[in-house]
Amino acid sequence: MIPKLRALPVRIHICLGVLLAMALASLLAGVIAPHDPVTIDIKNTLAPMSWDYPFGTDQLGRCLLSRCLYAIRLTFGVALLIALLTIAVGSAIGVTAAYLGGLADQIVRIVSDASLSIPSMIFVILIVGFLGPGTENIILAILLAQWVWYARVARGLALRITSYGYVRAAKLSGTGPVGIIVWHIFPGLVTQMVTQFTLLIGSTALSLAGFSFLGLGVQPPSAELGLMISDGCELIQTHAWMMFWPSLTLIIPVACLNVIGDYFSDYWRSKQ
Amino acid sequence: MTLRPSYPYPIGETGSPEAAALTGQPLALTGATMVVPTLEEAEEAIGPELRPGQGNVLSVKALSVDLLERSDRLTVVREASLEIGPREIVGLIGESGGGKSVFWRSLFGLLRGANWRVAGEAFLMGKPLNFTDEEASRKSRGREVGIVPQDPMGSFDPVRTIWNHFLETAQAHVDIPAQEIRAMAEDSLAKLYVDNPGRILDSYPFQCSGGTLQRAMVAISAMLGPALLIADEPTTSVDVTVRLEVLSLLKSLRERIGTSLLLISHDLKAVMSVADELNVMYGGYIVERIKTGDLVAGKAQHPYAKKLIKARPRFSRERLESIPGAPPSLRERQGERCPFLPRCDQSRPSCSDYAMEAFRVGQGHFVRCLLAKGEA
Amino acid sequence: MKGFLVKQALLIIPVVLLVSILAFSLVRVFPSDVVASYLKGHQQAYTPENVAMVKAKLGLDKPVTEQYFDWISKAVRFDFGMSYYSNLKVSDIIYAGFLSTLRLTGATLVWLVIFSYLLGFYSAKNPDGLVDNVSRAVAIIGNAVPVFVLGFVFIQIFALWLKLLPVSGKLSLAHVVLPSISLAFGNVCVYARMLRNEMLDNAEKPFVFYAKARGLKTSAIFKKHILGNSLLPIAGTAGVCFGHLIAGTVIVENVFAWPGLGSIITTAILSRNYPVIQGYTVCIVLVFIIANLLSDIFAATLDPRIRLGNSAG
């Protein structure tokens with residue numbers, strides 16, 4: 001199912017390497033960050049890049065490099081969490097609906113069709129509109145907006161799998177519903193869901209950064225990439241690095257995830 | 001409106017001087033009255049010096065088609081010759097992969113991709129066919145040669161009406177107002193026993209049955225009065241019950257429309273019931289050319305052809321004979337040797353040196369097999 | 001087909017009703033928040049007398065159902081009250097914002113249509129060529145660049161360094177160029193690739209072969225058959241595409257200070273301007289439902305199979 005590591009093309013190796021390096025760097029942020037990310041140093045605001053401050057400092061004198069390292073944790077860590085929950089919840093509901101059929105299935109189908117017309121970003125805006133900005137609210141909002149699409153995908157796959165002969169045979173031979181779901185339906189979903197998951201982390205990270213950029217998500221003084229970019233944008237003319245480094249920190253992992261996700265989706269599609 | 005057997009002739013421009021000599025008068029646009037010379041009259045008009053292929057609708061001489069794949073040059077069709085006369089029905093029989101499709105497609109520039117090399121000569125109504133001239137091939141497609149490919153349902157554009165297909169075909173070749181084309185289209189469909197042609201014309205492909213679409217394809221091909229109609233596997237994608245209808249329709253074409261027909265199929269039984277002459281293709285060679293009458297009388301010479309005849313299901317107690325083994329793949333059948341040798345149970349030691357010369361065994365009967373040599 | 005459309009149109013009413021109930025109730029869940037917001041907007045202190053006055057003014061002391069009917073009876077006439085922070089009617093604010101956003105979306109569509117087509121067509125004619133591979137790379141990697149970063153980079157390059165185009169603020173034609181390019185940028189390659197794949201698939205189809213066999217010229221085959229069929233699936237996703245565009249405007253409008261719905265709702269959320277939030281909610285859902293309906297009609301117009309149903313003649 002999973003291709004051998006050596007058989008993967010070069011660009012996949014590069015992307016995986018980059019992702020691994022950045023993940024490690026952020027996990028070890030406590031150790032390798034040259035400065036504390038929240039310490040305000042008014043005497044040293046907007047300092048250009050130097051050996052002391054490799055990425056320079058922001059408008060409050062905080063070390064940009066340290067902030068970036070911690071921000072990877074926040075942005076991508078939260079994105080990872082949301083993506084996991086989205087796929088888990090979405091798949092669970094989709095598969096259950098497909099398996100149970102009847103009213104439950106109809107409800108899920110109507111809900112997923114209805115939510116197709118509203119793009120997820122607007123959905124998040126609407127939810128945040130009523131709940132108010134904040135980290136927990138944005139997490140909840142993104143989750144609520146996104147799970148439906150994955151429930152739909154999971155439901156479609158599950159419906160197709162349950163119609164296969166071997167599943168019907170298993171039902172007849174007395175395997176309970178949990179057994180069927182675990183042993184037969186999930187393996188069929190896994191490949192698709194892994195690809196979706198890879199791409200989802202990237203898009204969730206972008207969404208999260210986007211909402212934080214607007215002020216609707218994570219609030220200052222947290223070190224979050226969207227917030228940092230927003231701060232940097234105001235000073236782009238004179239101190240471009242303030243926007244440059246957080247942008248790069250955001251773009252590179254997402255690009256790597258996209259390349260990997262795209263490769264795997266092609267790979268598994270050609271295998272069918 | 002009198003319908004008499006007509007010698008086919010393209011509408012609009014006059015075409016080649018030879019063609020004009022053959023018919024004497026262009027077809028009237030509504031097909032109302034058609035001037036019909038008999039074959040003798042036509043041959044008389046040409047004169048005693050018959051140029052190659054003259055008098056024949058399609059004449060293919062030693063056609064070879066090669067496929068260039070990376071650094072290899074693979075021969076798909078070898079030295080295939082074919083003659084189709086006016087109002088004749090000729091069948092081309094063979095298994096899939098034997099080169100039948102490549103054969104007819106190469107004549108009219110319908111091969112996919114640019115990796116083909118075509119050698120040999122071919123003449124349509126006396127005019128030589130240029131295999132590499134795109135525009136010349138395009139002009140003759142649909143007008144001098146009507147092509148009815150497989151898969152009637154897939155061959156129509158799903159978002160356009162049947163009428164649209166008639167219209168664009170006509171407009172690609174001649175400059176006639178749309179109302180006249182509509183009249184021609186309805187006439188053509190009526191000739192093919194389609195009820196209510198107007199309604200069918202205004203329908204979309206998904207609203208029609210496969211049988212109707214097939215008739216429509218034949219009608220489109222026939223509308224411009226082609227000399228030759230090529231039907232590729234007409235019975236394959238059709239229900240068994242409709243197969244008889246299709247076959248009788250094809251057979252009646254030469255009377256109602258006057259075209260010659262090249263029938264390509266792997267269904268020997270179907271073709272035998274309709275064709276005047278059969279060409280059996282195997283491994284890229286046309287291994288036997290035989291008149292249907294001779295074939296039915298058991299005069300087939302080539303072992304493959306003989307097996308094909310025997311392999312037809314009949315009401316008898318005998319076990320159905322099948323031919324053991326499988327046809328050679330493209331790479332396996334390179335080189336000038338008998339491709340049927342591995343499966344042949346009548347082979348002799350001298351067969352391995354046999355370079356596939358053709359032997360004449362009778363009137364219009366040719367075989368590429370050493371077994372025939374004795375009887376030549 | 002007509003029946004299908006009628007059914008869809010009828011669905012609008014219950015959906016909008018549902019959304020309105022949600023919009024109404026979610027705000028009423030935190031009544032003190034509403035009052036605080038109102039007072040802040042009108043720059044008045046949060047004192048018990050003021051609170052009581054506001055409660056009475058907004059009718060918050062009435063029973064919930066009565067409050068809802070008051071609200072809904074006004075909402076059906078698109079009267080959502082007054083903004084907490086200005087003396088403008090919410091409906092006026094939203095209407096103006098909608099027009100501005102529509103302008104931006106329209107400009108973006110122009111870029112999208114032109115360049116997706118050009119790029120897709122060229123890639124289909126020269127598959128696996130340089131342009132094809134580059135556009136593929138851009139589609140994947142370009143997706144990773146968030147639109148706010150792109151927007152600011154464009155501002156920096158075109159407006160500030162090169163001084164070619166104005167930065168932001170006004171609504172003129174020159175002002176719409178940069179925001180619309182930013183919005184279109186990432187998506188052009190995606191749609192171009194979709195078009196390219198469709199064209200290449202269609203070129204292999206039997207009906208194209210038959211067209212060739214009938215002697216049609218290549219240009220005619222392309223225009224009439226390949227192009228028409230390639231656009232079908234894209235037309236089918238027109239509704240979703242429109243949704244994405246509107247979603248993208250939220251950030252782009254903030255970056256370029258474009259006075260459209262995106263800017264309005266963001267400001268409204270940050271300042272807890274509930275009437276605007278409610279009005280926006282109801283209106284935007286309506287817009288999307290109508291857009292989807294139009295998209296379905298559009299798809300049906302192009303494809304007779306949808307129009308006439310799949311019946312065998």
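Quick caveat, the model's predicted, so the values are computed rather than measured.

The rules behind each value
- Residues numbered from 1 in each chain as written.
- Chains lettered and ligands numbered in written order.
- Predicted model: local features only at pLDDT ≥ 70, side-chain atom pairs only at ≥ 80, totals over all residues.
- Heavy atoms only, no water.
- Helix = DSSP H or I, 4+ residues; strand = E, 2+ residues; numbered from the N terminus.
- Buried < 20%, exposed > 50% of the residue type's maximum accessible area, 1.4 Å probe, protein only.
- Contact = heavy atoms within 4.5 Å.
- Areas by Shrake-Rupley, 256 points an atom, 1.4 Å probe, with all protein chains shown as cover.
- Buried area = accessible area lost by both parts, 1.4 Å probe.
- Salt bridge = Lys/Arg side-chain N within 4 Å of Asp/Glu carboxyl O.
- Polar contact = N/O pair within 3.5 Å; in protein donor to acceptor, adjacent residues only side chain to side chain.
- Nonpolar A, V, L, I, M, F, W, Y, C, P; charged D, E, K, R; others polar.
- 1 Å grid on protein atoms, 1.4 Å probe; cavity = no way out; pocket = protein on both sides within 12 Å on 5 of 7 lines; lining within 4 Å.
- Points joined across faces, edges and corners; volume = space filled by probe spheres on them.
- Disulfide = S-S within 2.5 Å.
- Axes fitted to C-alpha atoms, helices over the stretch in contact; angles between N-to-C directions.
- Left-handed = near helix turned anticlockwise from the far one by under 90°.
- Pairing = 2+ DSSP bridges.
- Patch = residues over 30% accessible without salt bridge, like charges linked within 9 Å, V, L, I, M, F, W, Y side chains within 5 Å.
- pLDDT = per-residue confidence, 0-100.
- Lys, Arg positive; Asp, Glu negative; His and termini not counted.
- Expected span 1.5 Å × (residues − 1).

I would appreciate a short explanation of the overall build of chain B in the present structure.
Across its full length, chain B holds 13 helices and twelve strands. Taken over 376 residues, chain B has a buried fraction of 56%. Taking contacts inside chain B between residues at least 6 apart in sequence as the whole, the part at least 24 apart equals 68%. Carbon together with sulfur atoms contributes 52% to the accessible area of chain B, which is approximately 16,600 Å² in total.

I would appreciate a short explanation of the overall build of chain A in the present structure.
Secondary structure assignment for chain A yields ten helices and zero strands. Taken from N to C terminus, the helices and strands of chain A fall in the order α-α-α-α-α-α-α-α-α-α. By principal-axis analysis of the C-alpha atoms, chain A measures approximately 75 × 50 × 30 Å. The buried share of chain A, taken over its 272 residues, is 52%.

For this particular structure, what's the right way to read the interface of chain A and chain C?
Accessible area lost during the coming together of the parts is what is often quoted as the interface size. Contacts between the two partners involve 34 residues from chain A, matched on the other side by 39 residues from chain C. Interface of chain A and chain C: buried area, both sides summed, is about 3,100 Å²; carbon and sulfur atoms make up 81% of it. For the pair chain A and chain C, the interface holds two salt bridges. Where chain A meets chain C, there are four residue pairs in polar contact (both at pLDDT 80 or more). For the side of chain A that touches chain C, the secondary-structure elements that each account for two or more residues are helix 5 (120-131), helix 8 (177-214), helix 9 (225-234) and helix 10 (241-271) of chain A. The leading source of residues in the side of chain A that touches chain C is helix 10 of chain A, at ten residues. Considered class by class, the residues forming the side of chain A that touches chain C number 24 nonpolar, eight polar and two charged.

Any chance you could explain the interface of chain C and chain B here in plain terms?
Taken together, the contacts link 26 residues of chain C with 32 residues of chain B. On the chain C side of the contact with chain B, C:Phe209, C:Tyr210 and C:Arg214 bury the most area, a combined 28% of that side's loss. Applying the counting criterion to the chain C and chain B interface returns three salt bridges. Notably, a salt bridge pairs B:Glu168 with C:Arg214, separated by 3.1 Å at the nearest N-O pair. Connecting chain C to chain B are 13 residue pairs in polar contact (both at pLDDT 80 or more). For the side of chain C that touches chain B, the secondary-structure elements that each account for two or more residues are helix 9 (206-213), helix 10 (218-236) and helix 14 (304-308) of chain C. The biggest single contributor to the side of chain C that touches chain B is helix 9 of chain C, with six residues. The class makeup of the residues in the side of chain C that touches chain B is eleven nonpolar, seven polar and eight charged.

Explain empty space enclosed by the protein here, please?
Counting across every chain of the model gives six cavities of 30 Å³ or more. Approximately 90 Å³ is the volume found for the second largest cavity. Residue classes in the lining of the second largest cavity are distributed as ten nonpolar, three polar and one charged.

Hey, could you run me through the state of the cysteines in this one?
One way to say it: the disulfide is the covalent bond shared by the sulfur atoms of two cysteines. All names here are of chain C. A complete count under the given rule lists zero disulfides over all chains for this structure. With no disulfide of its own, Cys-189 has Cys-241 as its nearest cysteine by sulfur position, at a separation of 14 Å. Overall, Cys-189 belongs to the buried group, its relative accessible area being 8%.

I would appreciate a short explanation of the packing of helix 5 (residues 90-125) of chain C against helix 8 (residues 173-203) of chain C in the present structure.
Each packed pair of helices is defined by two parameters, the angle between the axes and the distance between the axes. Residues and elements named next belong to chain C. Across the interface, helix 5 lies against helix 8 with an axial gap of 6 Å and an inter-helix angle of 35°. Between helix 5 and helix 8 lies a crossing of right-handed hand. Along the lines of polarity and charge, the residues of the contact of helix 5 with helix 8 split into 22 nonpolar, six polar and two charged.

Is there a simple way to explain the sheet that holds strand 5 (residues 127-128) of chain B in this structure?
Strand pairing in a sheet relies on backbone hydrogen bonds. The paired strands run either parallel or antiparallel. All names here are of chain B. With antiparallel pairing, the four strands of this open sheet are ordered in space as 2-1-4-5. Strands at the two margins of the open sheet, each flanked by one partner only, are strand 2 (72-84) and strand 5. With two bridges joining them, strand 4 (residues 116-124) and strand 5 adopt antiparallel strand pairing. Paired with Leu-124 across the two strands is Lys-127, which belongs to strand 5. Of the strands in this sheet, strand 1 (58-69), strand 2 and strand 4 are in contact with helix 3 (residues 100-107), which crosses strand 1 at around 110°.

For this particular structure, what's the right way to read a nonpolar patch on the surface?
All names here are of chain A. A cluster of nonpolar side chains, contributed by Leu-24, Leu-27, Leu-28, Val-31 and Ile-32, occupies part of the molecular surface with about 520 Å² of accessible area. Of all the secondary structure elements, the ones that give two or more residues to the nonpolar patch are helix 1 (10-27) and helix 2 (29-32). Assignment of secondary structure puts Ile-32 in helix 2. The partly exposed category is assigned to Ile-32, whose relative accessible area is 46%.

Got a minute to help me understand the sheet that holds strand 7 (residues 228-232) of chain B in this structure?
Residue and element names in this part refer to chain B. Read across the sheet, eight strands follow the order 6-7-8-3-9-10-12-11 without closing on themselves; strand pairing throughout is mixed. Each having just a single partner strand, strand 6 (145-148) and strand 11 (359-362) make up the two edges of the open sheet. The average angle at which neighbouring strand axes cross in this sheet is 20°, direction not considered. Each of strand 3 (89-94), strand 7 and strand 8 (260-265) touches helix 10 (residues 240-256); the most contacted strand, strand 3, lies at about 150° to it.

Hey, could you run me through the environment of C:Leu112 in this one?
Residues and elements named next belong to chain C. As for its placement among the helices and strands, Leu-112 is situated in helix 5. Exposure remark for Leu-112: the relative accessible area of 4% places this residue in the buried category. Sequence-wise, Leu-112 and Val-252 are 140 residues apart; in three dimensions their C-alpha atoms are separated by 16 Å. If we ignore the near neighbours within four places in the chain, the residues touching Leu-112 are Tyr-117, Ala-184, Asn-187, Val-188, Tyr-191 and Leu-245.

Teacher, can you tell me more about the confidence of the model for chain A here?
Per-residue confidence for chain A gives a mean pLDDT of 82, with 95% of residues at or over 70. At the low end of the mean pLDDT range in chain A sits helix 7 (residues 165-172) of chain A, at 71; at the high end sits helix 1 of chain A, at 89.

Please clarify how unusual backbone geometry should be interpreted in this entry.
Among all residues except glycine, the phi angle is most often negative; among peptide bonds, the trans geometry is most common. In this chain, A:Pro220 is followed by A:Pro221 through a cis amide linkage whose omega measures 5°. With respect to the secondary-structure elements, A:Pro221 resides in the loop between helix 8 and helix 9. The phi dihedral of B:Ala62 is positive, around 50°, even though this residue is not glycine. Even without glycine at this site, B:Glu233 takes up a positive phi of about 50°.

Could you clarify how one ought to interpret the layout of surface pockets in this entry?
Empty space among the atoms becomes visible once a probe the size of a water molecule is rolled across them. In this model, the second largest pocket occupies a volume close to 1,500 Å³. Elements with a contribution of two residues or more to the lining of the second largest pocket: helix 4 (102-116), helix 5 and helix 6 (135-162) of chain A together with helix 1 (2-28), helix 11 (238-256) and helix 13 (274-302) of chain C. If one sorts the elements of the lining of the second largest pocket by residue count, helix 1 of chain C sits on top with ten residues. A breakdown of the residues in the lining of the second largest pocket according to their chemical character gives 26 nonpolar, nine polar and four charged.

Is there a simple way to think about the side chain of C:Glu253 in this case?
Residue and element names in this part refer to chain C. Turning to its location among the elements, Glu-253 is positioned in helix 11. Comment: no salt bridge for buried Glu-253; closest opposite-charge side chain is Arg-103, at 11 Å. When sequence neighbours within four positions are dropped, the list of residues in contact with Glu-253 reads Thr-101, Leu-104, Trp-258, Gly-260, Leu-261, Gly-262 and Ser-263.

Is there a simple way to think about helix 9 (residues 210-223) of chain B in this case?
Since one α-helical turn is 3.6 residues long, residues separated by three or four positions face the same way. Residues and elements named next belong to chain B. Between the first and last C-alpha of helix 9 there are 20 Å, a value that for 14 residues agrees with the 20 Å anticipated at 1.5 Å per step. Burial within helix 9 is extensive, with twelve of its 14 residues counted as buried. Buried within helix 9 are the following residues: Thr-212, Leu-213, Gln-214, Arg-215, Ala-216, Met-217, Val-218, Ala-219, Ile-220, Ser-221, Ala-222 and Met-223. Immediately downstream of helix 9, the backbone of Gly-225 shows phi near 65°, a positive value.

Please clarify how the pattern of salt bridges should be interpreted in this entry.
Close approach of charged atoms allows side chains of opposite charge to pair. All names here are of chain A. For the coordinates displayed, the defined rule picks out 23 salt bridges over all chains. Across the salt bridge formed by Asp-105 and Arg-155, the nearest N and O atoms sit 2.5 Å from each other. Highlighted residues: Asp-105 in helix 4 and Arg-155 in helix 6, separated in sequence by 50 residues. No difference in accessibility class separates Asp-105 from Arg-155, as the two residues are buried.

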